[in-house]
Amino acid sequence: MGETTQLRLYNTLTRSKAVFTPIDPDNVRLYACGPTVYDFAHIGNGRMAIVFDLLFRVLRQTYGAEHVTYVRNITDVDDKINARALRDHPDLPLNEAIRKVTETTASQYQKDVTALGCLEPTVQPRATDNIDGMLALITRLIAHGNAYEAGGEVLFSVESMPDYGKLSGRNLEDNLAGARIAVENHKRNPADFVLWKLSAEDEPGWDSPWGRGRPGWHLECSAMSERYLGEVFDIHGGGLDLIFPHHENEIAQSRCAHGTPTMANVWMHNGFLQVEGQKMSKSLGNFFTIAQLLETEDFGGRKWPGEVLRLAMLMTHYREPIDFTVKRLEEAETKLRDWQRAAGTAEGADPSAAPDASVIAELADDLNFHRAAVALDAMARKANRGEASAAGCLSATLSFLGLSADSLLATDADVDPAISAAVTARLAALEARDFATADKIRADLLAEGVQLMDYKDEAGNRQTKWETKR
């Protein structure tokens, strides 16, 4: 990114967009909440991965790849994981069964997000590898008067933090109104949340000063972010649904343990996702995993390339809700094919071309992909006019965005000689101004899944490229 371009990000904590200033430009630090690996990741998880992968790419472009650290955690301590381990592997010891479940699902998640065009984060820590850090945090919180033992748990006292609720805008009265006091009467305040809970014999657990147990969900990210990014870092991201209670409680734990005014300077959250106009739900039959869309015909009667799924997500601004529909995927595929065709129209394109500066500048405005797409369309028009430099720049920009310049287009090896003959015959018909014949050939090919695109080469001669629909 050019020196005059500034990165501006919307901060949930301040509810405003401002110029991003890293704590240390030589070590820009980003943390995003990753999956809880009790099952295969759904498409909502995919949106989060794509959004913060795009931010990771923009930060790398701005500050240099070697100066950006991106941590995306894996939660492998969870009651749902325990339940699935008991269900799927009843003959194995619990810890071994849990490891089998989480290794399978974590491996699938990596495969899925790679197919979605996501770069590998700098670090992907597991919760189970960071128990010591969690115990150290609890010890500090108890020593500072922010936590206490009760009812077989160690709990964080929300009343010990005067500005608890700042991220979500909720106050303690809001929390009290919705509390289940009857089943949580061991708490000093119904809004107090679990840092450590004792484990039964048939539950996983670790030794601690408070007995054999396991950590509360919120504690994990506080420990992992401190270990890899420090007590205060630049950006924390996740889905909108994590603002409360997860991120609110992360802030409370970290700030009170370290005595800092903040945990992360910027908090970013992507919007909700629904499917065909309805909230995604297994009961409604519209719950889809990333793997389903990539590998089966369950959605729209066909498989979908990862890059099409990625573009469909990016076409809506990350903070807005997204309606994930078959029509939307078809629109994304058409758009991506258009860009890919244009990237390959001009001969002699520079393979070392850099991503387009105007696209990067638009993304620097809080990841404004809509305006970046307008710039991509402008490049495509130039490339279709035979401008080799535009084609090379477009190809480099698509790669920067995690969108290959040619993956959806048919190669020469894929093409039936009959298609080439038909295209040649159509061009001859056009030259003879026999438009009826030309139109019939186009229609016949389209019926067979072959789409044509006319353009003019540098000499002004009519040419035709084609693609086969997959």
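Note that this is a predicted model, so its numbers are computed, not measured. (Residues numbered from 1 in each chain as written. Predicted model: local features only at pLDDT ≥ 70, side-chain atom pairs only at ≥ 80, totals over all residues. Heavy atoms only, no water.)

A word on the packing of aromatic side chains
We count it as follows: For this analysis, a ring pair means two rings from Phe, Tyr or Trp (six-membered ring only for Trp) whose centres lie within 6.5 Å, classed as stacked if their planes differ by under 30 degrees, edge-to-face if by over 60, and tilted for the remaining angles. Runs of H or I in DSSP of at least four residues are treated as helices and runs of E of at least two as strands, each being numbered from the N terminus. Using a 1.4 Å probe on the protein chains alone, a residue whose accessible area is under 20% of its type maximum counts as buried, one over 50% counts as exposed, and one in between counts as partly exposed.
In the structure shown here, the tally under the stated rule is 7 aromatic pairs. On the numbers, 6.4 Å between centres and 80° between planes, the contact of Phe 20 with Tyr 63 is edge-to-face. Taken together, the residues span a long stretch of sequence, with Phe 20 in the loop between strand E2 (16-19) and strand E3 (28-32) and Tyr 63 in helix H1 (residues 43-63) at a distance of 43 residues. Accessibility expressed as a relative area gives 7% for Phe 20, which makes it buried. Centre to centre, the rings of Phe 299 and Phe 324 are 5.9 Å apart; their planes meet at 25°, and the pair counts as stacked. In this pair, Phe 299 sits in the loop between helix H8 (290-295) and helix H9 (306-314) while Phe 324 sits in strand E13 (residues 322-324), placing the two residues 25 residues apart along the sequence.

Digging into the pairing of strand E4 (residues 68-72)
Let me state the cut-off plainly: At least two DSSP bridges between two strands are required for those strands to pair.
With 5 of 5 residues buried, E4 is to be regarded as a mostly interior element. A two-sided burial pattern is seen for E4, the buried positions comprising Val 68, Tyr 70 and Arg 72 on one face and Thr 69 and Val 71 on the other. Strand direction decides the pairing type here: E3 and E4, joined by 5 bridges, are parallel. Bridge pairing in E4 places Ala 32 opposite Arg 72.

Some details on the confidence of the model for the protein chain
Operational definition: pLDDT is a residue-level measure of predictor confidence that goes from 0 to 100. Contact criterion: two residues are considered in contact whenever any of their non-hydrogen atoms come within 4.5 Å of each other.
On average, residues of the protein chain carry a pLDDT of 90, and 91% of them reach 70 or more. The low-confidence segment residues 177-183, where pLDDT is below 50, has 2 contacts with residues more than four positions distant or belonging to other chains.

A look at empty space enclosed by the protein
Just so we agree on the cut-off: Definitions used for this entry: grid spacing 1 Å over protein atoms alone; cavity, a set of points where a 1.4 Å probe fits but cannot get out; pocket, an open set with protein on both sides within 12 Å along at least 5 of 7 lines; lining residue, one with an atom within 4 Å of a point. Grid points are joined across faces, edges and corners, and a volume is the space filled by probe spheres set on the points. The classification used treats Ala, Val, Leu, Ile, Met, Phe, Trp, Tyr, Cys and Pro as nonpolar, Asp, Glu, Lys and Arg as charged, and all other residues, Gly among them, as polar.
Counting across every chain of the model gives 2 cavities of 30 Å³ or more. Of the pockets and cavities examined, the largest cavity occupies roughly 90 Å³. Lining the largest cavity we find Arg 47, Val 51, Leu 54, Met 313, Leu 314, Met 315, Thr 316, His 317, Tyr 318, Leu 367, Phe 369 and His 370. Counting only elements with at least two residues in the lining of the largest cavity, the list comes to H1, H9 and helix H12 (369-384). At 3 residues, the largest contribution of residues to the lining of the largest cavity is made by H1. By residue class, the composition of the lining of the largest cavity is 8 nonpolar, 3 polar and 1 charged. When its volume is computed, the second largest cavity comes out at roughly 40 Å³. For the second largest cavity, the full set of lining residues is Ile 43, Gly 46, Ile 50, Leu 116, Ile 290, Leu 293, Leu 309, Met 313 and Phe 324. The set of elements that each furnish at least two residues to the lining of the second largest cavity consists of H1, H8 and H9. The greatest single-element share of the lining of the second largest cavity, amounting to 3 residues, is contributed by H1. Each residue belonging to the lining of the second largest cavity can be placed in one class, and the counts come to 8 nonpolar, 1 polar and no charged.

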